[in-house]
Each structure stands twice: as structure tokens, then as C-alpha cells.
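Chains, contacts and geometry: an overview
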Amino acid sequence: MKVKMLSRNPDTYVRETKLDLQKVPRNYDPTLHPFEVPREYVRALNATKLERVFAKPFLASLDGHRDGVNCLAKHPKSLATVLSGACDGEVKIWNLSQRKCIRTIQAHEGFVRGICTRFCGTSFFTTVYTGIDHHWKEPLFATCGQQVDIWDEQKTNPICSMTWGFDSISSVKFNPIETFLLGSCASDRNIVLYDMRQATPLKKVILDMRTNTICWNPMEAFIFTAANEDYNLYTFDMRALDTPVMVHMDHVSAVLDVDYSPTGKEFVSASFDKSIRIFPVARSQSREVYHTKRMQHVICVKWTSDNKYIMCGSDEMNIRLWKANASEKLGVLTSREKAAKDYNQKLKEKFQHYPHIKRISRHRHLPKSIYSQIQEQRIMKEARRRKEVNRLKHSKPGSVSIVSKKKKHIVAVVK
Amino acid sequence: MSRPRRTNFRPKNTHILKKSRISKKLQVPKKPRERKNPESQRSLSGAQDPFPGPAPVPVDVVQKFCRIDKSKKLPRCRSKTRNRLKVAETEEEETSVTAARSELLLAEEPGFLEGEDGEDTAKILQADIVEAVDIASAAKHFDLNLRQFGPYRVNYSRTGRHLAFGGRRGHVAALDWVTKKLMCEINVMEAVRDIRFLHSEALLAVAQNRWLYIYDNQGIELHCIRRCDRVTRLEFLPFHFLLATASETGFLTYLDVSVGKIVAALNARAGRLDVMTQNPYNAVIHLGHSNGTVSLWSPAVKEPLVKILCHRGGVRAVAVDSTGTYMATSGLDHQLKIFDLRGTYQPLRARTLPQGAGHLAFSQRGLLAAGMGDVVNIWAGHGKASLPSLEQPYLTHRLSGPVHGLQFCPFEDVLGLGHSGGITSMLVPGSAEPNFDGLESNPYRSRKQRQEWEVKALLEKVPAELICLDPRALAEVDVISLEQKKKERIERLGYDPEAKTPFQPKPKQKGRSSTASLVKRKRKVMDKEHRDKVRQSLEQQQQQQEQQQQQQHKQEKAKPMRARPSALDRFVR
């Protein structure tokens, strides 16, 4: 008879000394790992819950201004430097890693309306009555007031002035990729796009309400997002301005500022309801909302260039620093931590649609004012929608045109 | 002096927005990577690769790692979902091939026993095997003669390293049977009906005469659970941390040992419960009844999930294999049957035994052991997890007393038997899975590894509500029904857009809201709705008629045109 018994040599399974690593043989046969799906589901549930437990996004509050912070500017070469302009004309330069003010300059006597840094990082520009933005590559900058002026740094007169319409322009932004393009927001509810090479305006889109500011997507050359007074943000594709790519609706008061993440996939918006929200570009609901009892109306917001932090300047003279991912662990992670983080991320992604997990990951605490405003606005929207449906139902078919929700907010596009 | 121009640098973790309407650039066609012809691939020495291409992988091994059931048809879905599913399928193919290749790294081979020249393996005695095999394996065969304290029930811990046994007259002991180190030995002064290890070797559950007791592995009594009274059988569901108890009173009780709560107490309504086993694939409890049926239970459901009629007389023993495909039952009608559990619940094999089998057990590799009186028969199939053929037994063994419990040791080629003369450990070459997974159950784990494993297992404890016949039910594509869609829509909008609130006429002033005028207004609205309905149905009828006419026209046109009508036409059918 031929016989062989299964016999294992313990030396191959037990470590020799205390200083060695433990030996862990692996067998990936599915019969040895029963209940894969329920166990992964429980792991995903735990990962989602822990994400909420560790969601502590507030990092620091930079104190020092003596009046409300009106504008922020990032340093193009240094991640830790940030400039802020206040309503009493003070400009402060901060170091974010030490969380201290390095320098204070009394730049103006009135509001510092606009601040921007030069692309080389050696100097910055501030303005009092107009908005300002610097070219991303060349020594040119643009200001807006009654018209959009393009200035050369060396000359005293603007190189060219562009205007369309008779109203004042509140903000101007250069496109970071197609650097000859500019966008501006005027107080007659329109957004105008200009071409610097031809020194003419290109197109304009008229919305229902005034846009406060726009921001260009740093990764997609033709996408920009407009922060509007009607509590929404509109992401437009420059080539087709008749419908917005996405309407982002989550704020309960006017949206004052918007800034893109350097990856181009998300942006942060600051609103008159004392909160800031982070939106993914492709979705109309926000993924995150940051608020504090002490933070009043948020006037300006910036996303740092390393995609990790968000700074917001508010009415009550403070600049706050937040994490972009609320539950992220900062600092250097060990390889085991990284592996666990990646695994948990993938689990949350895989099981994100299951009802319990969705409920937990979407849950955010909101201050009572915002919460009650949301309920109220929902009731108002329902009523409007119901009336529209009734109007459609009871009128002659074809007499009432059905306008899509996205197009509803756009009045006209003019070339 | 001009600086060298930097080429477009795109950081690694960015990707283009899927929704962005990228302008159509001139697509430079990518050259497909040319497969080097075997003739042209020559090394410096001029030799050719004798095995060109990637190494072949056996198809059945690749099939083992495939989890997607391609035969299931998915409902109509959007193109985005369909694309995602296609991508998932291709990924699964690749990963299953890689996993199949990783099987090369498995170190151990399973055991085997073959007779020479037509020798019947069933006639081989344990003593012969012990002689022919190495010392370490020979030491795995031992006999404990314990006649004093009654017939014994045995249980191995999940890693297979520790053995617990309990005698009918109260003798309870736990030991590490490989090193023969005794952990504890006590007498509980009461009849012991069943004994089970809980999730690790640290805790023991003993079903004593009156109540259920939990002991530490040092013999210290930790809990006495009085809600579980007169328990005859115990089963521990390791991934749910549930201890299932079957009692004489006919109740099947599930106790969560991590929290210490009774999750469900189900009345099986079939009298005394004597026969119980678990299905390790889906954690469903199989109960055998005296009317020949086997019922399948889950703690979430009050009624049995399935009831299978197995035998003419009562069912005496049930066993389910580790993959949950086969169930072996034996009854008072001296039959031993194997049923198919996935799909049809039909018997696949049947065999009449001279003496009914009172105890059954499956091993990890699909061997079936049956204890009939004081004889143990083991049947084997061909290869791992195949259906054992009940024609010829693989091994047999005669004990000194009738068998009262048997279990295959998880990762060793050993069958543990409890009988009225004590405990016997029998060698069964080829019964166990040779390669264990260190992160699931590791017989060589240290104390620290055990502690880490216990914490992780507790964190991923599956809730009892998820026990059902198909453990992969959570991963199925959710086919949302029309009613569910309607409910979600109502939730989302806040009101039901299709709800017909009965028309309430607005009360008017100046005598215009008398009863008669209210009734008239109501009638007006009702008539309008009625007219709409009639109009709709008329339109539908018209459309149907038009369609029918069109079809008729088409049919007529399809008929071949006759040349000339003749007098004999009236005879054509």
C-alpha cells in the first residue's frame, strides 16, 4: 500500500527568534474564506462610521485682522504663504505652517477690493475699487471697474480696454490654461468672456441673477464655475453657454466666492449663509459642508495648491484653515496605514449605494439656521414645481413650453 | 538665452472629466504592440524559447476563483452601468488567472492512501498505517481509554489544534492534542449532552442536563444561561458569533456570544430536537425530525426556509460539506442519502446500510464519515470537494464501544471519535485541506496573532439578519421594482405627483356655495375626468386598429399575386 499523511514541519510555520517576522502563509481559495460579501459589507460599514468619527476638518484660525477679510491670494511658489486683504486697507502675509502673520502692510485707506500675486511670486497687486487678476505667464494684469482694462506692468496706461454693455464689472479672472482668455462678471447679471489677443469680448451669457465671481477649472481649459446670487453655482462649458454643464444647488444664501481644487475635480464655495461647501464638478449636491458657530458670513475662500487645505476669510476678521478631506490623517503615513486607508477607501466606494452606508456617509450636522432654511426652501420649491405641473396639465398641449431645469436660469446668450 | 521648454507635465493622479466634451483632436492611431513571432525571437546563442507565450493555467483552477455568475441575465440597464459591469467582468477574468497562478506557491500536498494490485483500502488497519507513516503522523493516532465517565462527545477548535471532549457522566476536558498538553479537566457533576468550542480555544460551551454553561479553558465556569434549558445539541456559527442550541422543548435558540444576547428563539414545532448541524457555506442550521424531514432555519425568519423530505422513518444524522453543495442524511430506514443543496434538493446518491448510521461528518476535502454502532466507515470521492461515491468505503475502523460523536480535524488528516470507551484519533490520509490561510485559521498562531485575529473577527462580525440561503445575495444587482421606484419618487419630491386627491370645491361667498352648486361643481370635475379617460381609451383603440390594418396589408402584399382567376379557385383551401 502507498500511503502519505499530511505532515507539516513546524519550522516552516513558526518563526525562529523573537526578532523575526511572523510567518503567515496565504491561500486565496474562496472555500477557505466563506461569507466574503457580508464580511466586506460589515467592513465597509465600519469604515464609513470611522470616517465620520475622524471627520475633524477645522485646523486653525488666523487672528490678527482688525476688520473683515475681503480677499485672499495664494502664493504661486510657496505653499505655506497666503496673502489677505481686509476692509480697512490692511494687507497681511501669513505663514500657514507656523500659523502666524509674517508681515502687515497698510496698503490702502479703503476696502482692499482685489488682491493677486504675480506668477513669479515676487510681488503682489492690490486694488481698492476694482477687481484685479494677474496673467498666469506674462507681465500683464487686468482690472475691472466700468470696463475691463489690460495693463502692462511697466506702463501707466492700459494696453487695451474692453467693454460690452453699460454696467459696472465686479470681478475678472484669467484662464490658467488658455492664458489669453478672460472672464468677467458684471452687475447687469451677465458673464462676459474676452479674448486678449483680439482685444474684444467674445460671448456673454445673461443669467437670472447677478454672478459674484467666476473661477476657471485648472485642468479643463474651457470649464468655469460661476457663483451666483440665487444661491446656486453654475458650471459652464465656454463653447456652449446656452446650458450649464451642471447646476450646483445646496447653499441657502448668496454664494460669494468659489475656488477650484488643483485636481480640477472639485471646488469649494463660500456663501453668505455662514458655511462653505465642497462640490464635485460632476454632481449637483455638495459632498461636504464646513461651518462653525464663530464663523460669520464667508467672503472669500481658497483651495491650497497641494489639494489638502481650504482657507476661508470671513466677516469677523478671521481666516480659518480647514482640511479638504475631513477625515484624512495628515503627515507621513506608514505603508501599513496607507494600505489600510486604500482598502477602506475602495470598500466605501464599492458599497456606497447600500442604504445604511449611504445614510451614514451623507449625514452632516448643520446649524439650526441653515437647516430650517433648507426645509423652508424645499417647501417653496415643491410649491413652485407643483404649480408648474398643474399649469402644464391644464393648458392647451403645446402652449406652455417645457424648459429643462438647467436652462431655466439662463436668460440669453449673446455672441 | 532661452530656457529649454518643459513638455506638458501631467501629475499622475488627475484624470479627464468624463462629462467634459473634449474637442476631437486628430487621433494618431496607436500602433498595436507587435507580437514577436516565435521564429524571429532568438537569443544571442541562437536558442529559441521552447514554450512561447504565457504559461498555461488549468481551466478548473481559474474557474474556482470566478465569482460572477455569467449565466444570470441582468435586467435592461443604462449603457453606463453596462459598461461598468463589462469592465468588472474583464477585471475578474484577469484576477482569477493571477490567483490561479499563485496556487504554485502553496507548499503542502494532500495525503493519499492507495492499495497496490487491487488491494481494498477498506481492509487496511490503523495499525498498518501507523507503521508505514512517519513518526510525527504516527503520533497523531491515539486512544484514550476512559470507561468510567460515559460515552464521549468530541469537538475540535476552529484551527484544529485543540480538542474538547465531554462524557455523559460529567467529565469535561480540553487539551492541545498535538503536544498532548492538557488545558483543563473538570467534572461538572451533571450529565453533559454536548460540548463546543466557541470562537477560539479560550471558551467552551457545555450543554448540561438542565442548562447551558460557558467555561473558560482553565475550567472556570463563566456563565450559566438559564434561558437555554434542556439543550441536546450545540452548533457555533463562527463568522456570526452565534451559538445555536437545539433543545428537547422543540426550540432553536440563537445566542450571540460577543454581546451575550439571545438573538432569536424559534419554535420548530416538531417536537424534540435531536439532530442538528450547520451549513458552513451559508450558516443555515439543518434540523432533522422524526417524520423524515430536514428543515433549514435562519435566525431572521420564523418559519423554516426549506423543508426537505429525506427518509421514510426518522432522520438520525445530518451532515453538510464545507462548500455547502452536498448534504448527507441517514435515517431509521437504514438509508444513507446525499442530497444536492444548491439548486434542486434531490438525492444524488443513496445506499442501504446494514445498520443505520447515527453520526455523520464531512471532511474539508469532501470525505464522508459515518458511525454505525461501533464501526466507522469513510467514503471518498475523486479529488477535492467531489461527491463521494458510496459503493466502496475508503477506510473502516472498529471501536471498542458504540460511537457517540465524530468530527474531522480541520487541517490534519485525522478523524476524532468519541465513543463509550473514550476517545480515539483515527488516521485518514487525504481528508484535510493541506494549505491553510494564515489570516483565517492558523494552527501555529502565537498569542499575539490570536489576539489580533480575535479583534478583527469581532469587528467584522456579520449581523444575524444577513443569514440566508445565498450568502452572496448582498452582491446581487438590485433590480428596482416599479413600486419601489414610485415610493422613492414620492420620498424625493415630498408628495405623490400621481395621487388623486378627491376634488374639494372651494367654498364661495354670496350664496354660491349651496349644496346644489357644490354637487354641480363636483359633477363637472368628475365628468371632465371621465371624458379624458374615454378619449384616451378611444385613441388607444384607434391605434390598435391602425396597427392591425397595417399588418393585414403587409400580409396581403406578402402573398404571391395570382396570374388570372380561374374557375377552380373555389376549391383551393
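Here the structure is a predicted model, which means the values were calculated and not measured. (Residues numbered from 1 in each chain as written. Chains lettered and ligands numbered in written order. Predicted model: local features only at pLDDT ≥ 70, side-chain atom pairs only at ≥ 80, totals over all residues. Heavy atoms only, no water.)

Moving on, we get to the overall build of chain A. Within chain A, the regular secondary structure consists of four helices and 28 strands. Overall, chain A is about 105 × 65 × 45 Å in size when its C-alpha atoms are taken along their principal axes. In chain A, of all internal contacts separated by at least 6 residues, the share reaching a separation of at least 24 is 47%. Accessible area of chain A: about 21100 Å², with a carbon and sulfur share of 53%. One way to put it: in chain A the 67 positive side-chain charges average out to a point 8 Å from where the 43 negative ones average out. (Helix = DSSP H or I, 4+ residues; strand = E, 2+ residues; numbered from the N terminus. Contact = heavy atoms within 4.5 Å. Areas by Shrake-Rupley, 256 points an atom, 1.4 Å probe, with all protein chains shown as cover. Lys, Arg positive; Asp, Glu negative; His and termini not counted. Charge placed at Lys NZ, Arg CZ, Asp CG, Glu CD.)

As a further point, take a positive patch on the surface. Among the surface-exposed residues, A:Arg378, A:Lys381, A:Arg384, A:Arg385, A:Lys405, A:Lys408 and B:Arg492 lie close enough to one another that they form a single positively charged patch. By secondary structure assignment, the location of A:Lys381 is in helix H4 (residues 368-393). Taking the relative accessible area as the measure of exposure, A:Lys381 reaches 44% and is therefore partly exposed. (Patch = residues over 30% accessible without salt bridge, like charges linked within 9 Å, V, L, I, M, F, W, Y side chains within 5 Å. Salt bridge = Lys/Arg side-chain N within 4 Å of Asp/Glu carboxyl O. Buried < 20%, exposed > 50% of the residue type's maximum accessible area, 1.4 Å probe, protein only.)

Our next topic: the UniProt feature "domain: BING4 C-terminal" (unreviewed entry) in chain B. UniProt annotation of "domain: BING4 C-terminal" (unreviewed entry) refers to residues 393-471 of chain B when read in the numbering used here. Annotated as residues 393-471 of chain B, this span is 16% helix and 28% strand, and its ends, taken at the C-alpha atoms, are 33 Å apart. (UniProt positions renumbered as here; feature names shortened; annotations may be inferred.)

With that settled, the discussion passes to the environment of B:Tyr345. Residues and elements named next belong to chain B. Within the secondary structure layout, Tyr345 lies in the loop between strand E21 (335-340) and strand E22 (347-352). Counting along the chain gives 190 residues from Tyr345 to Arg535, while the straight-line C-alpha distance between them is 54 Å. Apart from the residues within four sequence positions on either side, Tyr345 is in contact with Val306, Ile308, Phe339, Asp340 and Leu469.

What follows concerns the pattern of salt bridges. Going through the model one piece at a time under the given rule, you end up with 41 salt bridges over all chains. The shortest N-O distance in the salt bridge between A:Glu36 and B:Arg472 comes to 3.1 Å. Pair noted here: A:Glu36 is in helix H1 (residues 36-53) and B:Arg472 is in the loop between helix H5 (447-459) and helix H6 (482-493), and the two residues belong to different chains. Measuring nitrogen to oxygen at the nearest pair gives 2.7 Å for the salt bridge that ties A:Arg364 to A:Glu288. Here the residue A:Arg364 occupies a position in the loop between helix H3 (355-362) and H4, and A:Glu288 occupies one in strand E24 (residues 288-291), the gap between them amounting to 76 residues. Note on A:Glu288: relative accessible area 6%, which makes it buried. A single network of salt bridges, built from pairs that share partners, joins B:Arg193, B:Arg230, B:Glu248, B:Arg272 and B:Asp274.

Take the side chain of B:Glu201 next. All names here are of chain B. By secondary structure assignment, the location of Glu201 is in the loop between strand E7 (192-197) and strand E8 (203-208). Residue classification places Glu201 among the buried residues on the basis of a relative accessible area of 12%. In this structure the side chain of Glu201 is engaged in a polar contact, spanning 3.4 Å, whose partner is the side chain of Arg445. Residues contacting Glu201, with those up to four places away along its chain left out, are His162, Met183, Asn217, Arg445 and Arg450. (Polar contact = N/O pair within 3.5 Å; in protein donor to acceptor, adjacent residues only side chain to side chain.)

Turning our eyes to something else, we now look at the pairing of strand E17 (residues 211-216) of chain A. With six of its six residues buried, E17(A) lies for the most part within the structure. Taking the residues that link successive antiparallel strands as the turn, the E17(A)-strand E18 (residues 223-228) of chain A hairpin has six residues. (Pairing = 2+ DSSP bridges.)

A few words now on the state of the cysteines. The final tally for this structure, using the stated rule, is zero disulfides over all chains. With no disulfide of its own, A:Cys312 lies 7.8 Å from the sulfur of A:Cys300, the closest cysteine sulfur. (Disulfide = S-S within 2.5 Å.)

Residues given the UniProt feature "repeat: WD" (unreviewed entry) here are residues 308-342 of chain B. For residues 308-342 of chain B, the end-to-end C-alpha separation is 13 Å, with 0% helix and 57% strand making up the annotated structure.

Now for the environment of A:Thr213. All names here are of chain A. Position of Thr213 relative to the elements: it lies in strand E17. Taking the C-alpha atoms as reference points, Thr213 and Pro30, separated by 183 residues in sequence, lie 55 Å from one another. In contact with Thr213, not counting residues within four places along its chain, are Ser171, Lys173, Cys185, Thr225, Ala226, Ala227, Leu256, Asp257 and Val258.

Glancing now at the sheet that holds strand E3 (residues 152-156) of chain B. Residues and elements named next belong to chain B. Read from one edge to the other, the open sheet built from four strands follows the order E3-E4-E5-E6, with strand pairing classed as antiparallel. For this open sheet the edge positions go to E3 and strand E6 (181-187), each flanked by a neighbour on one side alone. Averaged over neighbouring strand pairs, the angle between their axes works out to 15 degrees when direction is ignored. Inspection of the sheet shows strand E5 (residues 171-176) paired to E6 by six bridges, in the antiparallel sense. Each residue of the ladder has a partner; that of Ala173, found in E6, is Glu185. (Axes fitted to C-alpha atoms, helices over the stretch in contact; angles between N-to-C directions.)

One finds A:Val148, A:Ile150, A:Leu182, A:Ile191, A:Phe224 and A:Phe236 to be the most contacted residues of the largest nonpolar core, which totals 44 residues. The contacts of A:Ile191, once residues within four sequence positions are left out, are A:Ser184, A:Lys203, A:Lys204, A:Val205, A:Leu207, A:Thr211, A:Ile214, A:Phe224, A:Ala226 and A:Phe236. Within the second largest apolar cluster, 35 residues are counted, among which are B:Ile129, B:Phe165, B:Ala369 and B:Ile423. (Core = buried A, V, L, I, M, F, W, Y, C linked by side-chain atoms within 4.5 Å.)

With 50 residues of chain A at the contact, the number on the chain B side is 72 residues. With both chains or domains summed, chain A and chain B bury close to 5800 Å², and 57% of this area falls on carbon and sulfur atoms. Where chain A touches chain B, the interface holds nine salt bridges. Counting every contact that joins chain A to chain B gives 24 residue pairs in polar contact (both at pLDDT 80 or more). Those elements that provide at least two residues to the side of chain A that touches chain B are strand E1 (2-4), H1 and H4 of chain A. Here the side of chain A that touches chain B takes eight residues from H1(A), the largest share from any one element. Split into classes, the residues belonging to the side of chain A that touches chain B amount to 25 nonpolar, eight polar and 17 charged. Pairing of E1(A) with strand E1 (residues 112-114) of chain B involves three bridges; the strand directions are antiparallel. Bridge pairing in E1(B) links A:Val3 to B:Leu113. (Buried area = accessible area lost by both parts, 1.4 Å probe. Nonpolar A, V, L, I, M, F, W, Y, C, P; charged D, E, K, R; others polar.)

Bringing the UniProt feature "repeat: WD" (unreviewed entry) in chain A into the picture now. Residue and element names in this part refer to chain A. Within this structure's numbering, the places UniProt gives as "repeat: WD" (unreviewed entry) are residues 62-104, 248-289 and 291-332. End-to-end, the C-alpha atoms of residues 248-289 are 13 Å apart, and along that stretch the chain is 0% helix and 52% strand. Taken end to end, residues 291-332 is 0% helix and 45% strand, and its two terminal C-alpha atoms sit 27 Å from one another.

Next up on the list: unusual backbone geometry. Residue and element names in this part refer to chain B. Positive phi, close to 50 degrees, is recorded for Arg269, a residue that is not glycine. Looking at the element boundaries, Arg269 is found in the loop between strand E14 (261-267) and strand E15 (275-279). The class for Arg269 is exposed, based on a relative accessible area of 68%. The backbone phi angle of Ala283 is positive, close to 60 degrees, even though this residue is not glycine. Of the residues examined, Ala283 reaches a relative accessible area of 2% and is grouped as buried.

All names here are of chain A. Taken together, the four strands give an open sheet; going across it, the order is E9-E10-E11-E12, and neighbouring strands pair in antiparallel fashion. Each of the sheet's edge strands pairs with one partner strand only, and the pair in question is strand E9 (131-134) and strand E12 (160-162). Direction aside, the axes of adjacent strands within the sheet are offset by 20 degrees on average. Pairing between E9 and strand E10 (residues 140-144): four bridges, direction antiparallel.

Attention now goes to the packing of H1(A) against H3(A). Residue and element names in this part refer to chain A. Running from amino to carboxyl end, H1 crosses H3 at an angle of 10 degrees, the nearest separation of the two axes being 9 Å. Considering their axes alone, H1 and H3 lie roughly parallel with respect to each other. Listed contacts from H3 to Tyr41, Ala44, Leu45, Thr48, Lys49 and Arg52 of H1 are His356, Ile357, Ile360 and Ser361. Here the residues of the contact of H1 with H3 sort into five nonpolar, three polar and two charged. (Parallel < 35°, antiparallel > 145°, perpendicular 65-115°, else oblique.)

Residues and elements named next belong to chain A. Relative orientation of the contacting elements H1 and helix H2 (residues 335-350) amounts to 105 degrees, with a least axis distance of 9 Å. Judged by the angle between their axes, H1 and H2 are roughly perpendicular. Listed contacts from H2 to Glu40, Arg43, Ala44, Ala47, Thr48 and Glu51 of H1 are Tyr343, Asn344, Leu347, Lys348 and Lys350. Partitioning the contact of H1 with H2 into residue classes produces four nonpolar, two polar and five charged.

Judged by side-chain charge, B:Glu116, B:Asp117, B:Glu119, B:Asp128 and B:Glu131 come together as a negatively charged surface patch. Following the sequence through the fold, B:Glu119 ends up in the loop between E1 and helix H3 (126-132).

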